[in-house]
Amino acid sequence: WYEAWEQVIHVSRAGLQATLLICDRQTGKVYVNFDLTVKQLIREVHCLIRLGFPIPAEARSVHTQRKAYLAYAEELHFMLDRYYTLIAKICPLHCGVIIPLVNKLNVAINPGLVQLTWTSLNISGYIKGVDVVLLEVEMVVARVNGILRHRIESSTLQMKHISFVCMSDDLRQPAASPPSPSIPELLAQQQKH
């Protein structure tokens, strides 16, 4: 079993050459692309070390970097959760204002889809860069939503109860259909109120 395991280490290690993120072509949703065989290799090496087996250099290097790989995977999951939570908060009416910022965010995320692999040296810099742009877009979306909720919607609710034109009782009576008041009469009536 051990000899067979030694021969397939390179297959598991090949998962580290995959890009950090992957996009589902059908839904367009982005996922963390951390190969489960790498996780399995990390667990197996850990157990084999405890049992006293000699570990090949390829597998030992993966085991040595295990904390970094797992931390990067966790940070990328968190980053994507924030991204999709943010996208869900964007009101369709404000897309025109926010689309340039979302495009900026997508540009920041793009290297994880096409360029960076799990063996890249600048993964933490990439995650920090996306985090900065995410924070910027989150602040703008929060401000826009706050303006919408606290200023526009509340003003609209207040305006709903305001009477802009006051009609006297005799003008509201449809019984005999009196002639419509002339503009000077209507203006004089409004000035009284």
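Residues numbered from 1 in each chain as written. Predicted model: local features only at pLDDT ≥ 70, side-chain atom pairs only at ≥ 80, totals over all residues. Heavy atoms only, no water.

Engineer: It is not clear to me how the overall build of the protein chain should be interpreted in this structure. Could you clarify?
Structural biologist: Within the protein chain one finds eight helices and two strands. The order of helices and strands in the protein chain, counted from the N terminus, is α-β-β-α-α-α-α-α-α-α. Counting every position in the protein chain, which comprises 193 residues, the buried fraction comes to 30%. Residue pairs in contact within the protein chain that sit at least 24 positions apart in sequence constitute 70% of those at least 6 positions apart. (Helix = DSSP H or I, 4+ residues; strand = E, 2+ residues; numbered from the N terminus. Buried < 20%, exposed > 50% of the residue type's maximum accessible area, 1.4 Å probe, protein only. Contact = heavy atoms within 4.5 Å.)

Engineer: In this structure, what is going on with the packing of helix α2 (residues 36–51) against helix α3 (residues 57–64)? I would like to understand it.
Structural biologist: When two helices pack together, you describe them by how their axes are tilted relative to each other and by the distance separating the axes. Across the interface, α2 lies against α3 with an axial gap of 9 Å and an inter-helix angle of 105 degrees. The orientation of α2 relative to α3 falls into the category roughly perpendicular. Packed against α2, whose contacting residues are Val38, Leu41, Ile42, Val45, His46 and Ile49, the element α3 presents Ala59, Arg60, Val62 and His63 at the interface. Per-class residue counts for the contact of α2 with α3 are seven nonpolar, two polar and one charged. (Axes fitted to C-alpha atoms, helices over the stretch in contact; angles between N-to-C directions. Parallel < 35°, antiparallel > 145°, perpendicular 65-115°, else oblique. Nonpolar A, V, L, I, M, F, W, Y, C, P; charged D, E, K, R; others polar.)

Engineer: For this particular structure, what's the right way to read the nonpolar core?
Structural biologist: Across soluble globular proteins, you tend to see nonpolar side chains buried next to one another. Within the largest apolar cluster, 41 residues are counted, with the highest numbers of intra-cluster contacts made by Leu21, Leu76, Leu105, Trp118 and Tyr126. Broken down by secondary-structure element, the contributors of at least two residues to this core are β2 (30–32), α2, α3, α4 (66–89), α5 (95–114) and α6 (123–159). Ranked by residue count, the leading element in this core is α6, at nine residues. Excluding residues within four positions of it along the chain, tyrosine 126 makes contact with Leu20, Leu21, Leu76, Met79, Ala108, Ile109, Pro111, Gly112 and Leu116. (Core = buried A, V, L, I, M, F, W, Y, C linked by side-chain atoms within 4.5 Å.)

Engineer: Sorry, what's going on with the packing of aromatic side chains here?
Structural biologist: Remark: the centre distance and the inter-plane angle together describe each pair of aromatic rings, the angle taken between the planes. Summed over the entire model, instances satisfying the criterion amount to two aromatic pairs. Measuring from ring centre to ring centre gives 4.8 Å for phenylalanine 34 and tryptophan 118, while their planes differ by 65 degrees; the resulting arrangement is edge-to-face. Residue phenylalanine 34 is located in the loop between β2 and α2, and its partner tryptophan 118 is located in the loop between α5 and α6; the two are separated by 84 residues in the primary sequence. Phenylalanine 34 gets classed as buried once you look at its relative accessible area, which sits at 11%. Residue tryptophan 118 is classed as buried on the basis of its relative accessible area of 1%. Judged by centre distance (4.9 Å) and plane angle (80 degrees), the rings of tyrosine 83 and tyrosine 84 are edge-to-face. Residue classification places tyrosine 83 among the buried residues on the basis of a relative accessible area of 12%. Taking the relative accessible area as the measure of exposure, tyrosine 84 reaches 26% and is therefore partly exposed. The cationic tip of lysine 29 hangs over the ring face of tyrosine 84; the distance from NZ or CZ to the ring centre is 5.1 Å. (Phe/Tyr/Trp six-rings, centres within 6.5 Å; stacked < 30°, edge-to-face > 60°. Lys NZ or Arg CZ within 6 Å of the ring centre and 35° of its normal.)

Engineer: I keep staring at the environment of lysine 29 and nothing clicks. Help me out?
Structural biologist: Within the fold, lysine 29 resides in the loop between β1 (21–23) and β2. Sequence separation between lysine 29 and leucine 80 is 51 residues; the distance between their C-alpha atoms is 9.7 Å. Excluding residues that lie within four positions of it along the chain, lysine 29 makes contacts with Ile22, Cys23, Asp24 and Tyr84.

Engineer: Can you help me understand α2 in this one?
Structural biologist: Residues lying three or four places apart along an α-helix face the same way, a consequence of the helix completing one turn every 3.6 residues. If you check α2, its first and last C-alpha atoms are 23 Å apart, about what 16 residues at 1.5 Å a residue would give, namely 22 Å. Buried within α2 we find Val38, Leu41, Ile42, Val45 and Leu48. Taken around the axis of α2, the buried residues stretch over an arc of 135 degrees, which confines them to a single face. Set apart from the buried face of α2 by more than 90 degrees, the exposed residues are Leu36, Arg43, Arg50 and Leu51. Just downstream of α2, glycine 52 is the residue with a positive phi angle, here 90 degrees. (Expected span 1.5 Å × (residues − 1). Arc of directions from axis to C-beta.)

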